[in-house]
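Commentary on secondary and tertiary structure
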Amino acid sequence: METPHLLLAEDDPNFGIVLRDYLELHDYRVTLCNDGCKGISAFRKGQYDLCILDVMMPEKDGFTLAREIKRLNQEVPLIFLTAKAMKEDMLEGFKIGADDYITKPFDSEVLLYKIKAVLNRKNGSKAAVPAPTDFNIGQYHFQPKLRLLSRQGQEQRLSPKEADLLRLLCQHLNDVMPREEALQLIWQEDTYFTARSMDVYIAKLRKYLKQDPSVEIINIHGQGYRLCVHNGIML
């Protein structure tokens, strides 16, 4: 099995070197960059299985770097490292597409576990989610395999998690999609952070579907979400 290649963007030189050496000791290839500009340059030149980004960096902060990385490769996993524990900052990270958000100081073994969990989710996501089927959702046509949501000639390309989540909602049409089921199938773990991440993706799907008033995603408190198509037909 090929050694996973990690991009580590961390502006603290001592901490960055220690963390790089620790990860390499546990059989990862690591490219270390000490600011966001060097980080995006390295990403353009290499192939990475996961990016670990400090939020507060000179030249280009971690959130900006993450957005640029996602524009180049929407599927690459991201883990943020930061001393900022504000809820707003955490939500911002998940809105960008973070797979996890770790506040400093942290246990290096916990980071190692989280890296393994994210890489396992990435490598096993296709097998974990049921085979794709096309759906009509009110005025929308959804092609999970292509991750394409279209309406009246306009198309929206979804991220992998957005497509997996919308497909699961379609499979539970007008019924409750249990939160636990979605978290286990798509994120492969049910934690506070993955639950908040799913809430962000639900908000994105609502935005994509808002042009058709007959379609809505309802929050069923304590249970999950329900995709409703009023007077619509699902195929």
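Conventions used here
Along each chain, residue indices are assigned from 1 in the same order as the chain's sequence is written. Only residues with pLDDT of at least 70 are given local features in this predicted model, and only at 80 or more are side-chain atom pairs given and counted; all residues enter the totals for whole chains, interfaces and linings. The basis for every side-chain value is the complete set of non-hydrogen atoms in the structure, without hydrogens or water. Numbering goes from the N terminus for both helices and strands, where a helix is a DSSP run of H or I of at least four residues and a strand is a run of E of at least two. Note that the domain bounds reflect an automated or database-derived domain assignment. Two residues qualify as a contact provided that any one of their heavy atoms is within 4.5 Å of a heavy atom in the partner residue. Accessible area that two parts lose when put together, with a 1.4 Å probe and added across both, is what the buried area reports. A pairing counts as a salt bridge when a side-chain nitrogen of Lys or Arg comes within 4 Å of a carboxyl oxygen of Asp or Glu. Throughout this description, a polar contact denotes any pair of N or O atoms lying within 3.5 Å of each other; where both atoms belong to protein, one of them has to be capable of donating a hydrogen while the other can accept it, and for residues adjacent in sequence the pair is counted only when both atoms sit in side chains. The pairing criterion for strands is at least two bridges between them, as found by DSSP. Only protein atoms enter the calculation, which uses a 1 Å grid: trapped sets of points that fit a 1.4 Å probe without letting it out are cavities, open sets showing protein on both sides within 12 Å along at least five of seven lines are pockets, and any residue with an atom within 4 Å of a point is a lining residue. Grid points are joined across faces, edges and corners, and a volume is the space filled by probe spheres set on the points. Under this grouping Gly is polar, as are all residues other than the nonpolar Ala, Val, Leu, Ile, Met, Phe, Trp, Tyr, Cys and Pro and the charged Asp, Glu, Lys and Arg. Only C-alpha atoms enter the line fits that serve as axes; for helices the fit covers just the stretch in contact. Angles between N-to-C directions range over 0 to 180 degrees. Any angle between 65 and 115 degrees counts as roughly perpendicular, while under 35 counts as roughly parallel, over 145 as roughly antiparallel, and the rest as oblique. Two helices cross in a left-handed way if the nearer one is turned anticlockwise from the farther one by less than a right angle. They cross in a right-handed way if the turn is clockwise.

**Thoughts on the environment of D89**
Note on placement: D89 falls in helix α4 (residues 87–96). Sequence separation between D89 and Y101 is twelve residues; the distance between their C-alpha atoms is 9.5 Å.

**Focus: the domain arrangement of the protein**
Its domain assignment divides the protein into domain 1 (5–123) and domain 2 (135–229). For domain 1 versus domain 2, the distance between C-alpha centres works out to 27 Å. With 14 residues of domain 1 at the contact, the number on the domain 2 side is 15 residues. Between domain 1 and domain 2, roughly 1200 Å² of surface is buried when both sides are summed, and carbon and sulfur atoms account for 54% of that area. The largest per-residue losses of area from domain 1 upon contact with domain 2 belong to Q74, F94 and R121, which jointly make up 45% of the total buried on that side. Scanning the region where domain 1 abuts domain 2 turns up two salt bridges. For K161, the salt bridge identified is with D99, shortest N-O distance 2.9 Å. Where domain 1 packs against domain 2, one counts three residue pairs in polar contact (both at pLDDT 80 or more). Those elements that place two or more of their residues in the side of domain 1 that touches domain 2 are α4, β5 (100–103) and α5 (108–128).

**As for the environment of C37**
Note on placement: C37 falls in helix α2 (residues 36–45). In sequence terms C37 and D164 are 127 residues apart; their C-alpha atoms lie 32 Å from each other. Excluding residues within four positions of it along the chain, C37 makes contact with E59 and K60.

**Describing the pairing of strand β9 (residues 154–157)**
Relative to β9, strand β8 (residues 148–151) is paired through four bridges, and the arrangement is antiparallel. Bridge pairing in β9 links L148 to R157. In this structure, the hairpin formed by β8 and β9 is closed by a connection of two residues, where Q152 is found at a positive phi of approximately 50°.

**Points about empty space enclosed by the protein**
The rolling of a water-molecule-sized probe over the atoms marks out the regions of remaining empty space. This structure, assessed with the given rule, holds one cavity of 30 Å³ or more. For the largest cavity, the calculated volume is near 50 Å³. Lining the largest cavity are K87, M90, L91, F94, Y192 and R196. Secondary structure elements with two or more residues in the lining of the largest cavity: α4 and α8 (192–209). The element that contributes the greatest number of residues to the lining of the largest cavity is α4, accounting for four residues. Tallied by class, residues from the lining of the largest cavity come to four nonpolar, no polar and two charged.

**Section: the sheet that holds strand β12 (residues 224–229)**
If you walk across this open sheet you meet the three strands as β10-β12-β11, and the pairing is antiparallel. Of all the strands in the sheet, just β10 (176–178) and β11 (215–220) have a single pairing partner and so form its edges. Averaged over neighbouring strand pairs, the angle between their axes works out to 25° when direction is ignored. Taken together, the six bridges between β11 and β12 define a ladder with antiparallel strand orientation. For I217, the partnering residue across the bridge sits in β12 and is L227. Against the sheet, α8 engages β11 and β12, with an angle of about 155° to β11.

**A closer look at the packing of helix α3 (residues 62–72) against α4**
Where α3 contacts α4, the two axes come as close as 10 Å, and the packing angle between them is 15°. On the basis of their axis angle, the class for α3 and α4 is roughly parallel. In this structure, α3 crosses over α4, and the sense of that crossing is left-handed. For the pair α3 and α4, contact is made by F63, A66, R67 and K70 and by D89, E92, G93 and I96, respectively. Taken together, the residues of the contact of α3 with α4 break down into three nonpolar, one polar and four charged.

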